[in-house]
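A look at the structure
So you can see what is in the structure, the chains are spelled out below.
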Amino acid sequence: MCRCNRREFFRQAAGGGAWMAASSILKSSQSAHERIRVAVVGLGGRGRHSLCGAIYQLAKEENVEIAGLSDCDRRRMEAAAKEVEQRLSVRPRLEVDMRRLLEDKSIHAVMIATPNHWHALQTIWACQAGKDVYVEKPASHNVLEGRKMVEAARKYRCMVQVGTQCRSSPKIREGIAKLHQGVIGRVYMARGIAFKLRSGGKNAFGPVPEGLNWDLWLGPAPESPYNQLAITRWRFLKAYGNGELGDQGVHQVDVIRWGLRLDQHPVRIQSMGANNFRPASDEDTPGQQTMTAKFAGKDEGRDLLVHFETRDGFTNEEAGMGIKYPFVDHRNVCGVIFFGTEGYMIIPDYSSYYTFLGPNREPGPHDSVPGSPMMDADHVRNWLQAIRSRRQEELSADIEQGHLSAAVCHLANIACSLERTLQFDPVSEKFVDDPEADKLLSRQYRPPYLLPEQV
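Remember, predicted model here, so these are calculated numbers, not experimental data.

Overview of the overall build of the protein
The helix and strand tally for the protein stands at 14 helices and 16 strands. Reported as C-alpha extents along the three principal axes, the dimensions of the protein are approximately 65 × 50 × 40 Å. In the protein, buried positions account for 59% of the 455 residues. Of all intrachain contacts in the protein linking residues separated by at least 6 positions in sequence, the fraction that spans at least 24 positions is 70%. For the protein, the centre of its 59 positive side-chain charges and the centre of its 55 negative side-chain charges are spaced 3 Å apart.

Take a look at the structure:
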C-alpha cells in the first residue's frame, strides 16, 4: 500500500495554505448557547436532502448552522447553496475540494455523504483537522479503512457518528431493549433481508461534464475515464461501493449486531452471489447474494449464526415484511428477524418493531411510527449533543460500531469473491492462514489520495 507524508500532501493539495495540526487543538465542552458550525461534503440525495434537511429542522433547537458545502460537481454545490440560503438565511462557504473547508478554524464539524470509497480518507482528514464527523454508512470501503477511522477518532478525540439511523430511532431502541429483556426468550439466530428491485446499468464513457472535477470524484479509486454509470450507480461497482449488502444491508447487519450484542467480528463467514436478474448489467457486485456468519457466543458457549440475503428482482414478502409491514413502500422488502425460544421479532423498517409469540405466533409487544421515517434528525441531534458533551459513549452509532457492522459486509464480499468459506481472527483483524484473503482487507490507493499508515 502506497503512503505519503500527510503534511506534505496537504501543503501541495491545499495550495500551500497553513494546515492546523489537530494535536494542538484542546477540545472543550460546548454549551447549548454556542453555535455549532457544520460543513456538508457530498451533495447528492443523502447530503443535500437528508443531512441538510436534518440541519434545517434542528437549526434553532440545537443552535447549529451549515457553514460550508463541498462537492466535486460545482453546479450541484451551487444549487444546494441556494437552498441553504433560502432555508437558513446564511450563505455557506463553497469549496470543490473539502480540504479547504478543513483549514477553516470556524468550522467545528463535518458531515460526509460521498460515495463509500471516500468515507475513510475524508473522515481521517477531518479528525486530523480537529473536526467532529458524521459519516454516512457504510463507515468504510474495506476492513483496514474502518480500523484507521477508529484510530483517528480516538487519537484526536473526535465525535464520529456513522449514519445507521436505526440506532437513534426511539421505537427500535424500545424494541431492542425488550429483546434484551427476553421478550422472545433466548435469541438463538437472526436473519436480515434486503430485497430491492434494481434495474442495473451499462458503462457510459465520455467527456467529463462541465463543472465536475473528475479527479476529485475518483479520489483514492483507480484511474478511470469518466463513466456516467459510476456517477449514478457507484454503489454497485466494486471500485466505489460495496454492493447491496454493503449499501442497504449494512443497516440490517447493524441492527442484528445490536440486538445480539455482538461486539466482535465473526469467526467464520461464507457467501455466494450471482447476477441473474440483470445479467446484461456492467455492475460487478452481485444482485443476489447470501451470507452466513458465525460469531463466537458468550451465552453458555453457544455460537450465534447470522444470515443475510439480498435479491434485486421481483420477490415475495417475508414474515409480513413487504406487504403488511412495508419498508417505506410496497416494492422493496427489507428488515431483520430475530428468532427466540419464545417467539420472534421483526424490525421491518427504520422506526418500528413487532413481536409474535408462541407456536401460534400471537401478536406481542409492538410499536411504530407512521410512514416509516429514517429518523435522520434524531440521529444528527444525538451527534450534536455528543459534540457538546464530548462524551463518545453518548453517540448512538460510534465509529467503532460502524466499523464492526461494515466489516461483516466486507468479509462476506471477500468470501463471495473467493468462493470459499473463510476463517477470521477478530483480534488481529486478519484471516487465519490465508494471505490471499488478507490482500482483500485493503486496496491499492491512487496517489496522492493515500491511506496513512499512521493516522
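Considering empty space enclosed by the protein
Using the criterion set out here, one finds two cavities of 30 Å³ or more in the structure. Quantified by volume, the second largest cavity comes out at close to 30 Å³. Every residue lining the second largest cavity is listed: C166, Q252, V255, G335, V336, I347, P348 and D349. Only helix 11 (249-260) and strand 11 (333-340) provide two or more residues apiece to the lining of the second largest cavity. Class assignment of the residues belonging to the lining of the second largest cavity gives a composition of five nonpolar, two polar and one charged.

Notes on the sheet that holds strand 6 (residues 160-162)
Read across the open sheet, the six strands follow the order 3-2-1-4-5-6; overall the sheet is parallel. Looking along the sheet, the strands with just one partner apiece sit at the ends: strand 3 (93-95) and strand 6. Taking each pair of neighbouring strands and ignoring which way they run, the sheet shows an average axis angle of 20°. Pairing analysis gives four bridges linking strand 4 (residues 109-112) to strand 5 (residues 132-135), with the strands arranged parallel. Residue V110 lies in a different strand from strand 5, and its bridge partner there is V133.

Describing helix 11
In an α-helix, one full turn covers 3.6 residues, which means residues spaced three or four apart are oriented alike. Under the 1.5 Å per step criterion, the end-to-end length of helix 11 is 16 Å for 12 residues, consistent within 8% with the ideal 16 Å. The buried fraction of helix 11 amounts to 12 of the 12 residues, a majority that puts the element mostly inside the structure. When helix 11 is considered as a whole, its buried residues turn out to be G249, V250, H251, Q252, V253, D254, V255, I256, R257, W258, G259 and L260.

Quick look at the pattern of salt bridges
Across all of its chains, the model carries 39 salt bridges by this definition. As a salt-bridge pair, D132 and R390 come within 2.8 Å of each other at their nearest N and O atoms. Here the residue D132 occupies a position in strand 5, and R390 occupies one in the loop between helix 12 (376-389) and helix 13 (399-418), the gap between them amounting to 258 residues. Classification of D132 as buried rests on a relative accessible area of 3%. D215 is the partner of R446 in a salt bridge, and the nearest nitrogen-oxygen pair spans 2.9 Å. With R446 in the segment after helix 14 (435-438) and D215 in helix 8 (residues 214-218), this residue pair connects regions lying 231 residues apart in the sequence.

Let's talk about the packing of aromatic side chains
The tally for this structure, following the rule as stated, stands at 13 aromatic pairs. Taking the centre distance of 5.1 Å and the plane angle of 10° together, the rings of W214 and W217 count as stacked. Here W214 and its partner W217 are both found in helix 8, three residues apart, which amounts to about one turn of the helix. An aromatic cluster is built from W214, W217, Y226 and Y240, whose rings are joined through pairwise contacts. Lying over the aromatic face of F236, R278 brings its terminal NZ or CZ to 5.8 Å of the ring centre. Residue placement shows R311 over the ring face of F195; its charged tip is 3.9 Å from the ring centre.

Things to note about the pairing of strand 13 (residues 352-357)
Most of strand 13 sits inside the fold, with five of its six residues counted as buried. Here strand 12 (residues 343-347) pairs with strand 13 via four bridges, running antiparallel. By the bridge assignment, I346 is partnered in strand 13 with Y354. The hairpin turn running from strand 12 into strand 13, its antiparallel successor, is four residues long. Pairing analysis gives five bridges linking strand 13 to strand 14 (residues 362-368), with the strands arranged antiparallel. Residue pairing for strand 14: Y353 is matched across the bridge by D367.

Section: the packing of helix 2 (residues 45-62) against helix 3 (residues 74-88)
Relative to each other, helix 2 and helix 3 sit at 15°, their axes nearing to 11 Å. Taken together, the axis directions place helix 2 and helix 3 in an arrangement best described as roughly parallel. In this structure, helix 2 meets helix 3 at a crossing whose hand is right-handed. For the pair helix 2 and helix 3, contact is made by R48, I55, Y56 and A59 and by A79, A80, E83, V84, R87 and L88, respectively. The residue makeup of the contact of helix 2 with helix 3, split by class, is seven nonpolar, no polar and three charged.

Rules used in this analysis
Residues numbered from 1 in each chain as written. Predicted model: local features only at pLDDT ≥ 70, side-chain atom pairs only at ≥ 80, totals over all residues. Heavy atoms only, no water. Helix = DSSP H or I, 4+ residues; strand = E, 2+ residues; numbered from the N terminus. Buried < 20%, exposed > 50% of the residue type's maximum accessible area, 1.4 Å probe, protein only. Contact = heavy atoms within 4.5 Å. Lys, Arg positive; Asp, Glu negative; His and termini not counted. Charge placed at Lys NZ, Arg CZ, Asp CG, Glu CD. 1 Å grid on protein atoms, 1.4 Å probe; cavity = no way out; pocket = protein on both sides within 12 Å on 5 of 7 lines; lining within 4 Å. Points joined across faces, edges and corners; volume = space filled by probe spheres on them. Nonpolar A, V, L, I, M, F, W, Y, C, P; charged D, E, K, R; others polar. Pairing = 2+ DSSP bridges. Axes fitted to C-alpha atoms, helices over the stretch in contact; angles between N-to-C directions. Expected span 1.5 Å × (residues − 1). Salt bridge = Lys/Arg side-chain N within 4 Å of Asp/Glu carboxyl O. Phe/Tyr/Trp six-rings, centres within 6.5 Å; stacked < 30°, edge-to-face > 60°. Lys NZ or Arg CZ within 6 Å of the ring centre and 35° of its normal. Parallel < 35°, antiparallel > 145°, perpendicular 65-115°, else oblique. Left-handed = near helix turned anticlockwise from the far one by under 90°.

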